[in-house]
Amino acid sequence: MNTGTLRRLWIATIVVLVTLIIASSLWPRPVVPNEALSDKSAHFLAYFSLALLGSGIASPAGLWRAMLRCFLLGAALEIAQTLLTAHRVGDFADLAANVTGIGAAWLIAGQGRAGWGFRAAERLSERRRS
């Protein structure tokens, strides 16, 4: 698989995850039952996953942009919950959980691991050639 194809598939996966995050943030009822996972844990995991996935195709120099986009999505959704829905309310604690997830992913990716998706694809294609 060439780099362009991998990048398009990776971005499509990110778009699917962003769509799920948006839907679960604005949906009238919680997508994950409260008994299964705490609200703050769900926020942490969603934004950790999104930031880690974004870091897979980010260059080390562009990693901060990927993390900023994740933060802006979370902030926009907290505002949207208050302004656009009658059934949800934005919460700074939710935003803090988002930031904690993004920060954890940034700590992992920031240690020279940004772009890990491309390196993993290269290794897989090398194994196939062998």
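None of these values were measured; they are calculated from a predicted model.

**Student:** Quick one: what's the story with the packing of helix H3 (residues 63-84) against helix H4 (residues 92-109), residue by residue and with numbers?
**Tutor:** Orientation of H3 relative to H4, taken along the N-to-C sense of each, is 170 degrees, at an axis distance of 10 Å. Looking at the two axes, H3 sits roughly antiparallel to H4. Once H3 is placed against H4, the crossing between them reads as right-handed. Only Asp94, Leu95, Asn98, Val99, Ile102, Trp106 and Ala109 of H4 make contact with H3, whose side of the interface consists of Leu63, Trp64, Met67, Cys70, Phe71, Gly74, Ala75 and Glu78.

**Student:** Account for the packing of aromatic side chains, naming residues and giving values.
**Tutor:** Taken as a whole, this structure holds 2 aromatic pairs when the rule is applied. Ring centres of tryptophan 10 and tryptophan 116 lie 5.2 Å apart, and the angle between their planes is 75 degrees; this geometry places the pair in the edge-to-face category. Taken together, the residues tryptophan 10 in helix H1 (residues 3-26) and tryptophan 116 in helix H5 (residues 116-129) connect sequence positions 106 residues apart. Between phenylalanine 44 and phenylalanine 48 the ring centres are 5.8 Å apart and the planes differ by 5 degrees, which places this aromatic pair in the stacked class. In this pair, phenylalanine 44 and phenylalanine 48 both sit in helix H2 (residues 39-55), 4 residues apart, roughly one turn of the helix. For phenylalanine 44, a relative accessible area of 27% corresponds to the partly exposed category. By relative accessible area, which is 19% here, phenylalanine 48 ends up buried.

**Student:** How would you sum up H1? Please name residues and give values.
**Tutor:** Between its first and last C-alpha, H1 extends 34 Å over 24 residues, near the 34 Å set by a 1.5 Å rise per residue. Buried within H1 are the following residues: Leu6, Trp10, Ile14, Leu17, Ile21 and Ser25. Residues of H1 that are buried in the fold lie against H2, H3 and H5.

**Student:** Go over the packing of H2 against H4, please, and point to the residues and values.
**Tutor:** The N-to-C vectors of H2 and H4 enclose an angle of 35 degrees; their axes lie 7 Å apart at closest approach. As H2 packs across H4, the resulting crossing turns out to be right-handed. The segment H2 lies against H4, with Asp39, Lys40, His43, Phe44, Tyr47, Phe48, Ala51, Leu52 and Ser55 engaging Ala93, Asp94, Ala97, Asn98, Thr100, Gly101, Ile102, Ala104, Ala105, Ile108 and Ala109.

**Student:** Before we move on, could you go through the pattern of salt bridges and cite the residues and values that matter?
**Tutor:** Counting across every chain of the model gives 3 salt bridges. Here lysine 40 makes a salt bridge to aspartate 39, at a shortest N to O gap of 2.9 Å. Using a relative accessible area of 32% as the deciding quantity, one classes lysine 40 as partly exposed. The partly exposed category is assigned to aspartate 39, whose relative accessible area is 35%. Ionic contacts of the salt-bridge type, sharing partners, join the residues Asp39, Lys40, Asp91 and Asp94 into one network.

Each value, and the rule that gives it
Residues numbered from 1 in each chain as written. Predicted model: local features only at pLDDT ≥ 70, side-chain atom pairs only at ≥ 80, totals over all residues. Heavy atoms only, no water. Axes fitted to C-alpha atoms, helices over the stretch in contact; angles between N-to-C directions. Helix = DSSP H or I, 4+ residues; strand = E, 2+ residues; numbered from the N terminus. Parallel < 35°, antiparallel > 145°, perpendicular 65-115°, else oblique. Left-handed = near helix turned anticlockwise from the far one by under 90°. Contact = heavy atoms within 4.5 Å. Phe/Tyr/Trp six-rings, centres within 6.5 Å; stacked < 30°, edge-to-face > 60°. Buried < 20%, exposed > 50% of the residue type's maximum accessible area, 1.4 Å probe, protein only. Expected span 1.5 Å × (residues − 1). Salt bridge = Lys/Arg side-chain N within 4 Å of Asp/Glu carboxyl O.

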